[in-house]
Amino acid sequence: MLRYIIWIPLVVVTLLVCSVLAALLFHVSPGDVWQALGSSETRFALRLSLATSVAAVALSLCLGVPSGYVLARRRFPAQALLDTLLDLPLVMTPLVAGIGILFLFGRDWLGGTLAELGVRLVFTPLGAVLAQTFIAVPIVIRSSRAAFEGVNRRFELAGQTLGLSAPEIFVRITLPLAWQGILTGAILAWARALGEFGATLMVAGATRFKTATLPVSVYLNISSGELGAAIACAWILLALGFVLLLAVKLLGRSRRTASASGGGGMLS
């Protein structure tokens, strides 16, 4: 009997997720959703979401991979405190994060200086990139650190004995051995950036055909009673998220397969 009972929670959660998806799918007619998918507003929101999220992931990789390497390979005072601080955006309410970014880059702080240089971040697409980067970079740091910690130090020591410099060891040995973990983090960060709403709304605003990403478009269309357009944007987000999460699952399976078969790095 017990072996059947333990399946009940899994069945309940699965039914709940499927019911929510079904409610989104069948709440409006397919014709309304199809018409909304072809609208210029939805296409603009999709293009903007892809552009800002890709830019945010690129920035997150530039900041997160070196940070993860330092956390994995160096020991220094107050490291646990810094580690916790870097994790804070993961648990911080996005709306609160957006308020902080808005204040920081407002005219009273950094915004005035940037404005003199001709750079505007608040209430522009660049603000969306900034907000999404703030939310996504901790994911890249976590995954990069775990990937680097999983690299056997003996390979790096072997590189030293062969006369490789520290940058050469990183590029030719460490990074090739850690790339799958870093890529997994990048995909998860991309999925998180695509679905980011609260911080983006506060920093970039909610202007149609200017700063309205897909999540913001869902909010705007729901507010104006355009359910077809809102659900169309929601389904695009769900489809993109599903594909990205499936990619993470397949990548994780390939990593486990390679590990089980004794796959490893080679010095070239």
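Up top is the structure.
Structural notes, computed from the coordinates. Quantities reported herein were computed from a predicted structural model and do not represent experimental measurements.

What follows concerns the overall build of the protein chain. On a plain count of helices and strands, the protein chain comes out with 13 helices and zero strands. Put simply, the protein chain runs from its N terminus to its C terminus through helices and strands in the order α-α-α-α-α-α-α-α-α-α-α-α-α. By principal-axis analysis of the C-alpha atoms, the protein chain measures approximately 70 × 65 × 35 Å. Here the protein chain, with 268 residues, has 37% of them falling under the buried criterion. A sequence separation of at least 24 residues applies to 76% of the contacts in the protein chain between residues at least 6 apart.

Residues Val65, Ala72, Ala136, Ile139, Val140, Ala147, Phe148, Val151, Ala178, Ile182 and Ala189 constitute the largest nonpolar core, which totals 11 residues. Those elements that place two or more of their residues in this core are α4 (40-73), α8 (125-149) and α10 (166-194). At five residues, α8 tops the list of elements feeding residues into this core. Apart from the residues lying within four places of it in its own chain, the contact partners of Ala178 are Ala147, Phe148 and Val151. Grouped together as the second largest cluster of nonpolar side chains are 10 residues, Ile101, Phe105, Val122 and Ala131 included.

Glancing now at a nonpolar patch on the surface. Taken together, the side chains of Met1, Leu2, Ile5, Ile6, Trp7, Ile8, Leu10, Val11, Val12 and Leu15 make up a nonpolar region of the molecular surface, amounting to roughly 1,100 Å² of accessible area. For the nonpolar patch, the secondary structure elements donating two or more residues are α1 (2-5) and α2 (8-26). Per-element tally for the nonpolar patch: the top contributor is α2, with five residues. Mapping Leu10 onto the fold places it in helix α2. Judged by its relative accessible area of 48%, Leu10 falls in the partly exposed class.

We now examine the environment of Arg43. Assignment of secondary structure puts Arg43 in helix α4. Its relative accessible area of 41% is what places Arg43 among the partly exposed residues. In sequence terms Arg43 and Ala80 are 37 residues apart; their C-alpha atoms lie 44 Å from each other. Contact partners of Arg43, with chain neighbours within four places excluded, come to Leu37 and Gly38.

Time to look at the packing of aromatic side chains. Scanning the model with the defined rule gives five aromatic pairs in all. Relative to Tyr219, the ring of Phe197 lies with its centre 5.5 Å away and its plane at 55 degrees, an arrangement referred to as tilted. Here Tyr219 lies in helix α12 (residues 214-223) and Phe197 lies in the loop between α10 and α11 (198-204), a separation of 22 residues in the sequence. An aromatic cluster of at least three residues, connected via ring pairs, comprises Tyr69, Phe148 and Phe170.

What counts and what doesn't
Residues numbered from 1 in each chain as written. Predicted model: local features only at pLDDT ≥ 70, side-chain atom pairs only at ≥ 80, totals over all residues. Heavy atoms only, no water. Helix = DSSP H or I, 4+ residues; strand = E, 2+ residues; numbered from the N terminus. Buried < 20%, exposed > 50% of the residue type's maximum accessible area, 1.4 Å probe, protein only. Contact = heavy atoms within 4.5 Å. Core = buried A, V, L, I, M, F, W, Y, C linked by side-chain atoms within 4.5 Å. Patch = residues over 30% accessible without salt bridge, like charges linked within 9 Å, V, L, I, M, F, W, Y side chains within 5 Å. Areas by Shrake-Rupley, 256 points an atom, 1.4 Å probe, with all protein chains shown as cover. Salt bridge = Lys/Arg side-chain N within 4 Å of Asp/Glu carboxyl O. Phe/Tyr/Trp six-rings, centres within 6.5 Å; stacked < 30°, edge-to-face > 60°.

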